[in-house]
Amino acid sequence: FGGGICVDPVGRTPYGVPVQQIPLGNTSKPQHEFLAFLSSVASAYSMATYHVLDNNCNHFSNACAQFLLQVDIPKYILDLPNEAMNSPMGPMLRPLIDSMSNQIRDASQGHQLAQNPLTETNSVSTRTSNVKSSEYLQQQQQNSESISSSSRLTLISQARDPKLSPILLRDSAHRSKAAQKASEFDHLLQLTDIEVSTSPWDKRVRALCDSYERIKVERPERAFAVLDLIRMEIASLPPLKTDEGAEYAALEAVTVSAMDAFETYVGSDSREWKHVPCAMMSMRACANLFAHASATKILMTKFSDSIVESVAAALENFESLNSGCKQAVSLIVNNLTGCLARGIEADSGVTLVDDHSARLVCALCECVSRLSFSTELSPTLCMLLRSVGWLVVSSEFALLVAQTAEYNVTKYCVETGDESGDTPDLATR
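Residues numbered from 1 in each chain as written. Predicted model: local features only at pLDDT ≥ 70, side-chain atom pairs only at ≥ 80, totals over all residues. Heavy atoms only, no water.

## A few points about the overall build of the protein chain
Selection criterion: Secondary structure elements are defined from DSSP: runs of H or I of at least 4 residues count as helices, runs of E of at least 2 residues count as strands, and each element is numbered from the N terminus. Partly exposed describes any residue whose relative accessible area lies between the buried limit of under 20% and the exposed limit of over 50%, with all areas from a 1.4 Å probe on protein chains only and scaled to the type maximum. The contact rule is simple, with two residues in contact once any of their heavy atoms fall within 4.5 Å. The protein chains shown are the only cover counted for residues, whose accessible areas, like all others here, come from Shrake-Rupley with a 1.4 Å probe.
Each helix and strand counted, the protein chain has 19 helices and zero strands in total. Scored against the burial criterion, the 429 residues of the protein chain give a buried share of 47%. A separation threshold of at least 6 residues defines the contact pool for the protein chain, and within that pool the share at least 24 residues apart is 72%. On the protein chain, roughly 21300 Å² of surface is accessible, and the fraction owed to carbon and sulfur atoms is 52%.

Have a look at this one:
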């Protein structure tokens, strides 16, 4: 809020990069309700009502926080103007502050809410207050650049290539060592119960799921070994031909265990990971689940909230992750979006709701835009770039959100390469 309510990408306002970020929580309010709220308070936060001391951006932020979360922003931020005016220099600062108000209004020109295509509520407030965000975005479709039919077909064809999606982590060379570690951490786990040569797949998986349930309570920091074994078992199971029988029941059980580990160790903020090896192993197991149609359906129907939010949060903090976690996050996104793209023609029913598509495409585009291409990052970045293409091909809403936020996603979905600048050439894409 400066010269009226303004809209800009995070960290890209006329006032520079924020020096501090203060998390206030997660809101359950949908976008269209927030847009209606902004429309309702627009007269209170207009060009005419702005003042550096009496009605500034912090007052507006506090009103938004109260609407979205029923909390206030930190009191010391709201009290800054009073502290300044109560200082010995306060009376002398008043003329300077009045001048600053005018400068801030001028800097806000062109950034106002009414000029933003995603949230143009001032001129259409009565029309958008009862319209869902997805419907409103679709009204902007004629202004959006579309993906060509040939590029769309190419992307879908790539999603059906088993070498590209799902990419599985099959390595089991250290299986015996992982099994030994797991039995050391959980004395109730018998090596004979998880031995490939002596125990069938469903019994091995059941034994590992039981071990995970014990160890997550008793020694949660040491669940990485059993989670690695779960990852190997998921990858070793051939595609099931029927949704019944012992193997199907065991696959359901291991899917639930793997996602319980994912929610326990990954969560929605990678900066708060207490047990990084366990977080990495749970993500690797989750990535392998996309090899099985029945497991994928469970993921998308019961755990899509957790997957999308956790992966998006990890993408937002991507640079701070170690190489193993970067690979694991990229694999989940690659396998998830590949599954969505394949489902277009197969009519599999595997989809993301609009809010999840928007959350994921913005996190992906922001992550890709920050990364510099390098030999070390090449495989990971290629997976992320493919994921952008697959997501916008499978979801018109994701494409509209990305374009409305001014992410040029179509540059990752082209037939000819441009080898100039920072954009990778066609082969790299």
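Read on for the rest.
## Digging into the packing of aromatic side chains
The test is simple: Stacked, tilted and edge-to-face are the three classes applied to pairs of Phe, Tyr and Trp rings, where Trp contributes its six-membered ring and a pair requires centres within 6.5 Å; stacked means planes under 30 degrees apart, edge-to-face means over 60, and tilted covers the rest. Whether a charge lies above a ring is judged from NZ of Lys or CZ of Arg, which has to be within 6 Å of the ring centre and within 35 degrees of the ring normal.
Within the structure shown, the criterion is met by five aromatic pairs. Aromatic side chains F34 and F67 sit 6.4 Å apart centroid to centroid with 25 degrees between the ring planes, which places their arrangement in the stacked category. Taken as a pair, F34 in helix 1 (residues 31-41) and F67 in helix 2 (residues 57-69) lie far apart in primary sequence, 33 residues in all. Since its relative accessible area comes to 22%, F34 is described here as partly exposed. A ring pair is formed by Y45 and F60, whose centres lie 5.2 Å apart and whose planes are at 65 degrees; its orientation type is edge-to-face. Separated by 15 residues along the polypeptide, Y45 in the loop between helix 1 and helix 2 and F60 in helix 2 bring together distant segments of the chain. Among the residues examined, Y45 registers a relative accessible area of 12% and is labelled buried. Ring pairing ties together the aromatic residues F34, F37 and F67, which thus form one cluster. Across the ring face of F67, the terminal group of K29 is positioned such that the distance to the ring centre comes to 4.8 Å.

## Here we look at a nonpolar patch on the surface
Convention followed: The patches reported here contain residues having more than 30% relative accessible area and no salt bridge. Joining distances are 9 Å for like charges and 5 Å for nonpolar side chains (Val, Leu, Ile, Met, Phe, Trp, Tyr). Basic side-chain nitrogens of Lys or Arg form a salt bridge, by our definition, when they fall within 4 Å of a carboxyl oxygen of Asp or Glu.
Residues I22, L24 and Y76 make up a contiguous nonpolar surface patch of about 270 Å² in total accessible area. On the secondary structure map, Y76 appears in helix 3 (residues 75-78).

## A few points about the packing of helix 17 (residues 354-370) against helix 18 (residues 378-394)
Note the threshold: Orientation is described by axes fitted as lines to C-alpha atoms, over the contacting stretch for helices, and by angles from 0 to 180 degrees between their N-to-C directions. Each angle is binned into one of four classes, with values under 35 degrees roughly parallel, values over 145 roughly antiparallel, values of 65 to 115 roughly perpendicular, and all other values oblique. The sense of a crossing depends on the near helix, which, turned anticlockwise from the far helix by less than a right angle, makes the crossing left-handed and, turned clockwise, makes it right-handed.
It is the contact of helix 17 with helix 18, at a shortest axis distance of 10 Å, that shows an interaxial angle of 150 degrees. Classified by the angle between their axes, helix 17 and helix 18 sit roughly antiparallel to one another. Here the hand of the crossing between helix 17 and helix 18 comes out left-handed. For the pair helix 17 and helix 18, the contacting residues are S357, L360, V361, L364, C365, C367 and V368 in the first and L384, L385, S387, V388, L391 and V392 in the second.

## Things to note about the confidence of the model for the protein chain
Rules: Each residue carries a pLDDT value, the predictor's own confidence for that position, ranging from 0 to 100.
With 74% of its residues at a pLDDT of 70 or more, the protein chain shows a mean pLDDT of 78. Least confident of the elements in the protein chain is helix 6 (residues 125-128), whose mean pLDDT is 31; most confident is helix 11 (residues 224-236), at 95. Segment residues 114-144: pLDDT under 50, and 47 contacts once partners within four positions in sequence are set aside and those in other chains are kept. Segment residues 414-429 is flagged for pLDDT under 50; beyond a separation of four residues in sequence, or across chains, it makes 24 contacts in the model.

## Topic: the nonpolar core
Keep this limit in mind: By convention a nonpolar core is built from buried Ala, Val, Leu, Ile, Met, Phe, Trp, Tyr and Cys residues, the set being connected through side-chain atoms within 4.5 Å.
If you look at the biggest cluster of nonpolar residues, it comprises 88 residues, and the most contacted ones within it are L227, I307 and L315. If sequence neighbours within four positions are ignored, L315 has contacts with V329, V333, L360, A363, L364, C367, R370 and L384. Of all hydrophobic cores here, the second largest spans nine residues; its members include F37, V41, A42 and F60.

## What to know about the pattern of salt bridges
Opposite charge on two side chains lets them pair, provided their charged atoms get close. In the structure shown here, the tally under the stated rule is 10 salt bridges. A salt bridge links E233 to R175; its shortest N-O distance comes to 2.9 Å. Taken together, the residues span a long stretch of sequence, with E233 in helix 11 and R175 in helix 9 (residues 175-185) at a distance of 58 residues. Assessed through its relative accessible area of 1%, E233 is described here as buried. The buried category is assigned to R175, whose relative accessible area is 16%. Here E316 and R359 are joined by a salt bridge, their closest N and O atoms 2.6 Å apart. With E316 in helix 15 (residues 304-316) and R359 in helix 17, the pair connects residues that are 43 residues apart, well separated along the chain. For E316, a relative accessible area of 44% gives the class partly exposed. Overlapping salt bridges, with partners in common, bring together R175, R204 and E233 in one network.

## Considering helix 18
In an α-helix there are 3.6 residues to a turn, and that puts residues three or four apart on one side. Note the following rule: Every helix has an expected span of 1.5 Å times one less than the residues it contains.
The end-to-end C-alpha separation of helix 18 is 24 Å, in line with the 24 Å expected for 17 residues at 1.5 Å each. Most of helix 18 is tucked away, with 14 of its 17 residues classed as buried.

## Side note on the packing of helix 12 (residues 246-265) against helix 14 (residues 293-302)
Which entries qualify depends on this criterion: Polar here means any residue outside two lists: the nonpolar Ala, Val, Leu, Ile, Met, Phe, Trp, Tyr, Cys and Pro, and the charged Asp, Glu, Lys and Arg; Gly therefore counts as polar.
Helix 14 packs onto helix 12 with a crossing angle of 40 degrees between their chain directions and a minimal axis gap of 10 Å. Overall, the two elements helix 12 and helix 14 adopt an arrangement that is oblique. When you trace helix 12 past helix 14, the crossing you get is right-handed. Residues Y248, L251, E252, T255 and M259 of helix 12 lie in contact with helix 14, whose contacting residues are S294, A295, I298 and L299. In terms of residue class, the contact of helix 12 with helix 14 is made up of six nonpolar, two polar and one charged.

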